[in-house]
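# Remarks on the overall topology
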Amino acid sequence: KAVVSTQSTGDLLRAAFPDNIVEATFGKDATDLTNMTRDDGSRYLKRSLQFKSGINMIGVIVFSIVVGVIMSLYPEETAPLMKVVQAINDLTMRLVTLILWYSPIGIFFLIAGQFAGVENFGEMVSQLGLYTVTVLVGIAIHFFVVLPAIFFAFTRRNPIKYYYNMLPALATAFGTASSSATMPVTFKCVEESNKIDRRISRFVIPVGATINMDGTALYEAVACLFIAQVEGISMNFGEVVVTALTATLAAIGAAGIPSAGLVTMVMVLNAVNLPVDMISVILTVDWFLDRFRTMTNVMGDALGCAIVQRMCSEELEEMDRNKVVVEGEKKGDIEMGPPL
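Reference entry: report on the structure contained in this document.

Basis of the calculations
- Residues numbered from 1 in each chain as written.
- Predicted model: local features only at pLDDT ≥ 70, side-chain atom pairs only at ≥ 80, totals over all residues.
- Heavy atoms only, no water.
- Helix = DSSP H or I, 4+ residues; strand = E, 2+ residues; numbered from the N terminus.
- Contact = heavy atoms within 4.5 Å.
- Areas by Shrake-Rupley, 256 points an atom, 1.4 Å probe, with all protein chains shown as cover.
- Phe/Tyr/Trp six-rings, centres within 6.5 Å; stacked < 30°, edge-to-face > 60°.
- Buried < 20%, exposed > 50% of the residue type's maximum accessible area, 1.4 Å probe, protein only.
- Lys NZ or Arg CZ within 6 Å of the ring centre and 35° of its normal.
- Expected span 1.5 Å × (residues − 1).
- Lys, Arg positive; Asp, Glu negative; His and termini not counted.
- Salt bridge = Lys/Arg side-chain N within 4 Å of Asp/Glu carboxyl O.
- Polar contact = N/O pair within 3.5 Å; in protein donor to acceptor, adjacent residues only side chain to side chain.
- Axes fitted to C-alpha atoms, helices over the stretch in contact; angles between N-to-C directions.
- Parallel < 35°, antiparallel > 145°, perpendicular 65-115°, else oblique.
- Left-handed = near helix turned anticlockwise from the far one by under 90°.
- Core = buried A, V, L, I, M, F, W, Y, C linked by side-chain atoms within 4.5 Å.
- Nonpolar A, V, L, I, M, F, W, Y, C, P; charged D, E, K, R; others polar.
- Patch = residues over 30% accessible without salt bridge, like charges linked within 9 Å, V, L, I, M, F, W, Y side chains within 5 Å.

### Here we look at the overall build of the protein chain
Counting its regular elements, the protein chain contains 14 helices and 2 strands. Within the protein chain, contacts between residues at least 6 apart in sequence are counted, and of these 72% link residues at least 24 apart. Carbon and sulfur atoms form 66% of the exposed surface of the protein chain, whose accessible area is close to 20200 Å².

Below you can see the structure in the form of structure tokens.
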């Protein structure tokens, strides 16, 4: 098991930096362990690197993140490429919107077909119930323990009061299951109730609604483990770590719309070699769990605003002083008038 765990971690690191990004879209290198027998009769594992079919999703994600960062550093030089990327994104979204009109029919038959093949229906319902409870407990620990601890450690503020002021945004997140739709209410709660500087909130919240998907990452990791257990696939420690890291990376690309995590879920399942068709079972409870992970995502963005404001307090004060000086000089020039 220790050998397999090491190889899984090594494969993850190797996959994160593919030699050829085009090749990564249809294949990846993976370590293959073969049982061999020596002349004296003893057995050993022979390690060999094999090229296997399947998308190297981790490599594609890492490559996309690096390209995006470089494009943001050189906006003028990469403007033409940005337009191409935006056009492809708009085209993809329109295609997805068209497909979504027919998704209820497809989802119905997916779920019906999956449950029709279940020998013990009561056991499947029981497993789904335990899966739901596990996700909710994990999200609750992150929401009520981890996030407040990080918030207090960086800001030394009362997290209970901060949470209370965010209740309207949390209620909206629960109702819409979309961090993007909740953004206007989040702005109001953060700026007016929690007194966060507008310059901080207007930057952190839109970015957080796109890449800060901690609730989604937690949900996808648990879902992968659930699917593995349902299929009778045992996962060692190394494979669990690979699954968690892949879910975290994939969650960065999830859109702030309802059930967007299911799209990245397919990527994670492919990356860890789990059956994608089992995602239809999760669809039966995803609509409910999506609301709780959206609340976690929104709360993480709001707490991030307070942490960034605390860390950038000196820079903000300096900007305010410079602004006062510049405005004072302009006002003096206006009062004195032009030179004679």
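### Section: the packing of aromatic side chains
All chains considered together, the criterion is met by 8 aromatic pairs. Considering the side-chain rings of F143 and Y163, the 5.2 Å spacing of their centres and the 80 degrees angle between planes classify their relative orientation as edge-to-face. Here the residue F143 occupies a position in helix α5 (residues 121-155), and Y163 occupies one in helix α6 (residues 159-165), the gap between them amounting to 20 residues. Overall, Y163 belongs to the buried group, its relative accessible area being 10%. Where F151 meets Y162, the ring centres are 4.8 Å apart and the plane angle is 45 degrees; that geometry is what we call tilted. Separated by 11 residues along the polypeptide, F151 in helix α5 and Y162 in helix α6 bring together distant segments of the chain. Looking at Y162, the relative accessible area reads 1%, which means it is buried. Counting every residue linked through ring pairs, the aromatic cluster contains F174, W287, F288 and F292. It is R202 that lies over the ring of F187; its NZ or CZ is 4.2 Å from the centre. The ring of Y219 is capped by R293, whose NZ or CZ atom sits 4.0 Å from the centre of that ring.

### What to know about helix α11 (residues 237-252)
An α-helical turn contains 3.6 residues, so any two residues separated by three or four positions project in the same direction. Taking 1.5 Å per residue as the helical rise, α11 with its 16 residues ought to reach 22 Å, and the 23 Å between its terminal C-alpha atoms agrees with that figure. Listed as buried for α11 are G238, V242, T243, T246, A247, A250 and A251.

### Things to note about the side chain of D301
As for its position among the elements, D301 is in helix α13 (residues 279-311). Although buried, D301 forms no salt bridge, and the nearest oppositely charged side chain, R293, lies 13 Å from it. Within the structure, the side chain of D301 is placed 2.7 Å from the side chain of N212, a separation counted as a polar contact. In this structure D301 touches V204, I205, G208, A209 and N212, once residues within four positions along its chain are discounted.

### So, the packing of helix α2 (residues 57-73) against α11
Viewed as axis vectors pointing N to C, α2 and α11 meet at an angle of 45 degrees, and their least axial separation amounts to 10 Å. The angle between the axes of α2 and α11 places the two elements in the oblique class. In this structure, the crossing between α2 and α11 has a hand that is left-handed. Packed against α2, whose contacting residues are I58, I61 and I65, the element α11 presents T246, L249, A250 and I252 at the interface.

### Thoughts on the nonpolar core
Counting residues in hydrophobic clusters, the biggest one holds 32 residues, and the most contacted among them are Y131, V135, Y219, M265, L269 and I282. Of all elements in the fold, only α2, α5, α10 (214-230), α11, α12 (261-271) and α13 reach the threshold of two or more residues within this core. Not counting residues within four places of it along the chain, the set of residues in contact with M265 comprises Y219, E220, A223, C224 and I279. Listed in part, the 26 residues of the second largest apolar core include F151, Y162, L170 and M183.

### Considerations on the packing of helix α8 (residues 183-193) against helix α9 (residues 198-211)
Helix-helix packing is characterised by the crossing angle of the two axes and by the distance between the axes. With their axes 10 Å apart at the nearest point, α8 and α9 run at an angle of 145 degrees to one another. Two packed elements cross with a definite hand, and for α8 against α9 that hand is right-handed. Contacts between α8 and α9 involve M183, T186, F187, V190 and E191 from the first element and R198, S201, R202, I205, P206 and A209 from the second. Partitioned by chemical class, the residues of the contact of α8 with α9 number 6 nonpolar, 2 polar and 3 charged.

### A few points about a nonpolar patch on the surface
A surface patch of nonpolar side chains, about 880 Å² in accessible area, is lined by I65, V66, V69, I70, L73, Y74, F203, V207, I211 and I252. Going through the elements one at a time, α2 and α9 are the ones with two or more residues in the nonpolar patch. No other element matches α2, which puts 5 residues into the nonpolar patch. Tracing the backbone shows I211 in helix α9. For I211, a relative accessible area of 44% corresponds to the partly exposed category.

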